[in-house]
Amino acid sequence: VATMSQTPSGQNGQITEQDRIHELLARLAEADETIRAIYSGEVDAVLVNSSTGARVYTLEGADHPYRVMVEQMHEGTVTLDPNHLILYANPQFAALMKMSAEALTGSNFDRFLPPGDSNLFAALAEAAALHGYGSGEVNLADAGGDTVPARVSVTRLEVAEVQTLCVIVSDLREQRRNEAVVKEEQLSRLILDQAGEGIVVIDPQGAVVRCSASARNLSGRPVLLNHFDNAFPLQTPGSPLNTRRILCAASARERIRGREATMLHPDGRHSSLLVSASPLWSESNQLLGCVVTLTDITERKRAEEAQMRQAEELVRSNSDLRQFAYSASHDLREPLRQIAVFSELLQKRYQDTLGDDAGSLIQHTVDAAHRMEQLVKDLLTYTQAADSPQEAVEPTDTNEVVRQTLELYAAEIAQCGARVDCERLPVLDVHEVHVTQLFQNLIGNALKYRGEAPPLISIGAERADGMWKIAVADNGIGIPPDYQVQIFGLFQRLHGGGKSGSGIGLAICQKIVQRYGGRLWVESEAGRGSRFLFTLPGPNY
Amino acid sequence: MQKLRLYIAGSSPRSIRAIQDVKRVCESHLAGRYSLEVIDIYQEPRRAAEDRVVAVPTLIRHTHGLIRRIIGDLSEAALLRQGLGG
């Protein structure tokens, strides 16, 4: 079944008739042989040269391996006509789109393209038509409407003058999932390393499998893959807090929240820690381990202790001071009273013998003694203002307190022709004696520091930040801005000797209001009256 | 040195068998004295046309300025009968 031919160029460039016959015979033999081979089925592909180029015609069975490959390969494959009509789809593409291959053939590929991605696919198909090939990442929508990210490769194919597009669809879902997993892993690492608290994950055997940067710093020992008890030797005053206890709680699905423990460092230092632990369970109910959070509270504890010591000291020195002020003022009153009494006696008995000059000197002494007595009395009130009555706070009706206060000042009010306007006032959670002191001082001041016109006093209340804000306003002489803070200090008097008083009233008011967590301040303009405001606790209407 | 050129059509059954048979005969009879080129007409139709190959599989031998063709049946027996072995 062999044919033989000489090379066309001949032997020495001289082609004789004999040679030509010889060559033609050889070619004829070749052609005979080809026809025989085709007829006898020994051939499975035939090559035809046409004006548009060489074409391969495959005979029966020759394309079978390709067919199997296409049917079995992992990628989805479809062939489309120029209008994207599906001519063929392999089972993988059908599965990817959740449809049967039979239902796919004859339908339009565009149905799987969401609006945003149909343009992209059209561009790929156009690239294939122009350059033979186009490839890109396209989101497909399967028959259930779910998005399937895919790499789509489009190849132009011309079969028997019919233009088709061969489309290979690679499912990118798993790749995306893997990418997502990697991203998640990176994220959790980032979280672990940025957390201020020490975070470790231990496995059910107690080995540390994950560990944040601050946990590593906190331990000062090798942490990762070591036993938790070795990495973090914890001591607790009560029941022990170790891996066994943590895992025990974990298997009972219990969490450990904020237990205090002490950790011994390799260098002998101690740290105070707050330890929390939460179990990690798999979806199949298997204990995977435990997340343990360790918060270093050494500094906080140290600061707390220092603060507590300071507070104790402050209470002690305050009480000492109060004791001193109380006894001092108490003990001072008796000798003062005696000075006043004896000076008055002196005045009565010897006024005639001593003459006018001595009489007036003694009068000064008596006045000074009385003034000092008043001062000492006020000072006593001030020191006691901080001491609350022992019994619990009873609600006090402010309206009643104001009524009583106005009664107290009735004579003075009548005398200077004052008018007092009082809105409805709230009930306050303040001892009655304190509310009384407040209004006696403020209304008293309003009357005392009046201007030329008859006093006009208005009292009102409003809700502010969960407390009551009460205002006592007058049309008196007012307070220049520079003194508006100063007046609340001890023995601060603004208006020289013109007005009586020890300059302690507002200090007492301030102390009372602060005791209930409130605030006392003044809004004023010299010559145009003052408005004193304070906040105190009390229920809303 | 024998120069052999085998034309096949992708991985059709006969093409696969042709590669296997030609390779076996060459290795057992011409070891070290041949060069074999396998040409897939799907991938290089132009070369098939140049060699005037019409039907596939076809084996072309160049020996002493002569071109010999074996077309169709490239079984071991046929190859040896056509004198490939020697």
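Just above, that's the structure.
Just so we're clear, the structure is a prediction, and the values are computed from it rather than from any experiment.

A. Fine view of the environment of B:Gly72. Here B:Gly72 shows up in the loop between strand S5 (66–71) and helix H3 (76–81). B:Gly72 sits 16 residues away from B:Val56 along the chain, and the two C-alpha atoms are 6.6 Å apart. Once you skip the residues sitting within four places of it in the chain, B:Gly72 turns out to touch A:Ala37, A:Glu42, A:Val43 and B:Pro57.

B. Main features of the environment of A:Val275. Residues and elements named next belong to chain A. Along the polypeptide, Val275 turns up in strand S13 (residues 270–281). For the pair Val275 and Ile199, spaced 76 residues apart in sequence, the C-alpha separation works out to 10.0 Å. Apart from the residues within four sequence positions on either side, Val275 is in contact with Leu234, Leu241, Ile256, Arg257, Gly258, Arg259, Ala261, Val292, Thr293 and Leu294.

C. Layout of helix H10 (residues 298–385) of chain A. Under the 1.5 Å per step criterion, the end-to-end length of H10(A) is only 39 Å for 88 residues, more than 12% shorter than the ideal 130 Å. At A:Gly355, H10(A) shows its largest kink, close to 130°.

D. Fine view of the packing of helix H11 (residues 398–408) of chain A against helix H13 (residues 432–448) of chain A. Residues and elements named next belong to chain A. Between H11 and H13, whose axes approach to 9 Å, the crossing angle comes to 45°. Looking at the two axes, H11 sits oblique to H13. Viewed along their axes, H11 and H13 form a crossing whose handedness is right-handed. Facing H11, whose interface residues are Thr398, Val401, Val402, Gln404, Thr405, Leu406 and Leu408, H13 presents Glu432, Val435, Thr436, Phe439, Gln440 and Ile443. Tallied by class, residues from the contact of H11 with H13 come to 7 nonpolar, 5 polar and 1 charged.

E. Looking closely at the sheet that holds strand S19 (residues 467–473) of chain A. Residues and elements named next belong to chain A. Taking strand neighbours across the sheet as the criterion, the 5 strands line up as S16-S18-S19-S21-S20 in an open arrangement whose pairing is mixed. Every interior strand has two partners, whereas the edge strands, strand S16 (419–422) and strand S20 (520–524), have only one. The sheet shows a mean angle of 20° between the axes of neighbouring strands, taken without regard to direction. Inspection of the sheet shows S20 paired to strand S21 (residues 530–536) by 5 bridges, in the antiparallel sense. Residue pairing in the sheet places Trp521 in a bridge with Leu533 of S21.

F. A look at the pairing of strand S10 (residues 208–211) of chain A. Residues and elements named next belong to chain A. The pairing of strand S9 (residues 198–202) with S10 spans 3 bridges and is antiparallel. Bridge pairing in S10 links Ile202 to Val208. The hairpin formed by S9 and S10 contains 5 residues between the paired strands, and Gly206 there has a positive phi angle of roughly 95°.

G. Molecular detail of the nonpolar core. In terms of nonpolar packing, the biggest core is built from 40 residues, with A:Phe439, A:Leu447, A:Ile459, A:Phe532, A:Phe534 and A:Leu536 touching the most fellow members. Sequence-distant contacts of A:Phe532, defined by excluding residues within four places in its chain, comprise A:Leu442, A:Ile470, A:Ala471, A:Val472, A:Ile479, A:Ile487, A:Phe488, A:Leu506, A:Trp521 and A:Val522.

H. The arrangement of the interface of chain A and chain B in detail. Contacts between the two partners involve 29 residues from chain A and, on the opposite side, 28 residues from chain B. Across the chain A/chain B interface, buried area totals approximately 2,500 Å², and carbon plus sulfur atoms make up 54% of it. Across the contact surface, chain A and chain B share 2 salt bridges. Its salt-bridge partner being A:Glu30, residue B:Arg52 comes within 3.5 Å of it at the nearest N-O pair. On inspection of chain A and its partner chain B, the count reaches 6 residue pairs in polar contact (both at pLDDT 80 or more). Broken down by element, the residue count for the side of chain A that touches chain B peaks at 7 residues, all from helix H1 (residues 17–39) of chain A. With 2 bridges joining them, strand S2 (residues 45–50) of chain A and strand S3 (residues 55–56) of chain B adopt antiparallel strand pairing.

I. Fine view of the pattern of salt bridges. All names here are of chain A. Here the structure, examined in full by the defined rule, presents 26 salt bridges over all chains. Of the charged contacts, one joins Glu179 and Arg176 as a salt bridge, the two residues approaching to 3.8 Å between their closest N and O atoms. Taken as a pair, Glu179 and Arg176 lie in helix H6 (residues 173–194) at a separation of 3 residues, close to a single helical turn. Under the relative-accessibility criterion, Glu179 is labelled partly exposed at 36%. By relative accessible area, Arg176 is classed as partly exposed at 33%.

How each quantity is defined
- Residues numbered from 1 in each chain as written.
- Chains lettered and ligands numbered in written order.
- Predicted model: local features only at pLDDT ≥ 70, side-chain atom pairs only at ≥ 80, totals over all residues.
- Heavy atoms only, no water.
- Helix = DSSP H or I, 4+ residues; strand = E, 2+ residues; numbered from the N terminus.
- Contact = heavy atoms within 4.5 Å.
- Expected span 1.5 Å × (residues − 1).
- Bend = angle between axes of the 7 residues up to and from the residue.
- Axes fitted to C-alpha atoms, helices over the stretch in contact; angles between N-to-C directions.
- Parallel < 35°, antiparallel > 145°, perpendicular 65-115°, else oblique.
- Left-handed = near helix turned anticlockwise from the far one by under 90°.
- Nonpolar A, V, L, I, M, F, W, Y, C, P; charged D, E, K, R; others polar.
- Pairing = 2+ DSSP bridges.
- Core = buried A, V, L, I, M, F, W, Y, C linked by side-chain atoms within 4.5 Å.
- Buried < 20%, exposed > 50% of the residue type's maximum accessible area, 1.4 Å probe, protein only.
- Buried area = accessible area lost by both parts, 1.4 Å probe.
- Salt bridge = Lys/Arg side-chain N within 4 Å of Asp/Glu carboxyl O.
- Polar contact = N/O pair within 3.5 Å; in protein donor to acceptor, adjacent residues only side chain to side chain.

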